[in-house]
Amino acid sequence: MSQSNPDALAGYRKPYPGSQPPYIHPPYASTVLRGVGSDPIAIPVTLSEVTGPTLDRLTLGEHAADLTAGFAGEPLGERIIVSGRVLDENGKPVRNTVVEVWQCNAAGRYLHAGDQHDAPLDPNFKGTGQVLTDAHGHYRFKTVKPGAYPWRNHYNAWRPAHIHFSLHGAGIGQRLVTQMYFPGDPLLAFDPIYNCVPDPQAKARMVSAFDWETTQNEYALGYRFDIVLRGRKQTVWE
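Within each chain, residue numbers correspond to sequence positions counted from 1 in written order. Totals for whole chains, interfaces and linings use every residue, but because this is a predicted model, local features are given only for residues with pLDDT of at least 70 and side-chain atom pairs only at 80 or more, for both listing and counting. As a convention, hydrogens and water are excluded, and side-chain values are obtained from all of the structure's heavy atoms.

The chain goes by Protocatechuate 3,4-dioxygenase subunit beta in an unreviewed UniProt entry, where it is assigned to Pseudoxanthomonas winnipegensis. The UniProt entry for the chain carries the following comment under Sequence similarities (unreviewed entry): "Belongs to the intradiol ring-cleavage dioxygenase family." UniProt positions are given in the numbering used here, feature names are shortened, and annotations may be inferred rather than shown by experiment.

Moving on, we come to the nonpolar core. Tyr139, Ile163, Phe165 and Ile227 are the most contacted members of the largest nonpolar core, which has 23 residues in total. For this core, the secondary structure elements donating two or more residues are β1 (79-87), β2 (98-102), β4 (138-144) and β7 (162-168). Ignoring sequence-local partners within four residues, the contact set of Ile163 consists of Ile80, Val82, Val101, Trp102, Gln103, Phe141, Thr143, Pro146, Thr178, Gln179, Met180 and Phe182. What is meant by a nonpolar core is a set of buried Ala, Val, Leu, Ile, Met, Phe, Trp, Tyr and Cys residues, joined one to another through side-chain atoms within 4.5 Å. The rule is simple: take the accessible area with a 1.4 Å probe, protein chains only, and divide by the maximum for that residue type; under 20% is buried, over 50% is exposed, in between is partly exposed. In terms of nonpolar packing, the next biggest core, distinct from the first, is built from 15 residues, Tyr28, Trp151, Leu188 and Ala202 among them. Helix and strand labels come from DSSP, where a helix needs a run of H or I of at least four residues and a strand needs a run of E of at least two; each type is numbered from the N terminus. The criterion used for residue contact is that any of the two residues' heavy atoms lie within 4.5 Å.

Let us now look at the environment of Gln179. If you trace the backbone, Gln179 turns up in strand β8 (residues 175-181). A relative accessible area of 5% places Gln179 in the buried class. Taking the C-alpha atoms as reference points, Gln179 and Val207, separated by 28 residues in sequence, lie 8.6 Å from one another. What Gln179 contacts, discounting residues up to four positions off in sequence, is Arg159, His162, Ile163, His164, Ile193, Met206, Phe225 and Glu238. Within the structure, Gln179 has its side chain in polar contact with the side chain of Arg159 (distance 3.2 Å). Think of a polar contact as two N or O atoms within 3.5 Å of one another; within protein, one of them needs to be a possible hydrogen donor and the other a possible acceptor, and neighboring residues in sequence only count if both atoms come from side chains. Engagement of the side chain of Gln179 in a polar contact is seen with the side chain of Tyr181, the distance being 3.0 Å.

It is worth spelling out unusual backbone geometry at this point. Phi is positive for Asn96, which is not a glycine, with a value near 50°. For Glu218, which is not a glycine, the phi torsion comes out positive at approximately 60°. Structurally, Glu218 is set in the loop between β9 (209-210) and β10 (221-224).

For the rest of this paragraph, the subject is the sheet that holds β7. Following DSSP output, two strands are said to pair if at least two bridges run between them. Spatial ordering of the open sheet is given by β3-β2-β7-β8, a layout of four strands whose pairing is antiparallel. If you trace the sheet from one side to the other, it starts and ends with β3 (128-132) and β8, each paired once. Adjacent strand axes in the sheet meet at a mean angle of 20° when their direction is disregarded. By the bridge criterion, five bridges tie β2 to β7 in an arrangement that is antiparallel. What counts as an axis is a line fitted to C-alpha atoms, over the stretch in contact for a helix, and the angles between N-to-C directions run from 0 to 180 degrees.

A word on the packing of aromatic side chains. When the centres of two rings from Phe, Tyr and Trp lie within 6.5 Å, Trp using its six-membered ring, the rings pair. Their planes under 30 degrees apart give stacked, over 60 give edge-to-face, and anything left gives tilted. Per the stated rule, a full pass over the model turns up nine aromatic pairs. Ring geometry for Tyr110 versus Tyr149: centroids 5.4 Å apart, planes at 75°, classification edge-to-face. Taken together, the residues span a long stretch of sequence, with Tyr110 in the loop between β2 and β3 and Tyr149 in strand β5 (residues 149-150) at a distance of 39 residues. No difference in accessibility class separates Tyr110 from Tyr149, as the two residues are buried. With centroids separated by 6.0 Å and ring planes inclined at 55°, the aromatic side chains of Phe141 and Phe165 adopt a geometry described as tilted. Highlighted residues: Phe141 in strand β4 and Phe165 in strand β7, separated in sequence by 24 residues. We classify Phe141 as buried; its relative accessible area is 3%. According to the relative accessible area criterion, Phe165 is buried, its value standing at 0%.

Right, dumping it as structure tokens:
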């Protein structure tokens, strides 16, 4: 890339200090063993990382954006609708990008062999979904509010309710992962993953906002979670 065009490097600029979690955060115990001890090495991007494969609404599937559909019955728990926009650092929409989500069920149990704690599984909920942003960068999906669960990081450790987000860019080498939390959750004050971000404003951007406009009468509460890919208001990435 030409040095005479600094905007061409915008997608690869380092994040603002304090806005992202450190690689090693001792209160989050597993980072001590798996966190890197030196800065990552920049590898030049080639066409294989920035082109394809692409997805569309047909390949995602009929119920991809509705985590409560496609089963024999209704999942247990509180129905919620989560929506928002995916934006770049200038507030412009990011169109036709895949937003992938995964979460535990309302009892705090993942449908995964590694999750063996004694909360029940839900036969009508698997906890994964995908949606494409529209021409204005909007996404929207329906699910149930996830439960808190123990995670053995420290004594009496419980994860606050959260939904994992994964955003895919134009190619397989472009993927960003974050977590969305819920407003007013008392467990946030005790969670080392949420609290590993030094900047309080950046940390607050991980918490969704109750959204009256998407709340549906006698059916589901709405939450809004906007995702900013870079810049001063960049979302915290894992």
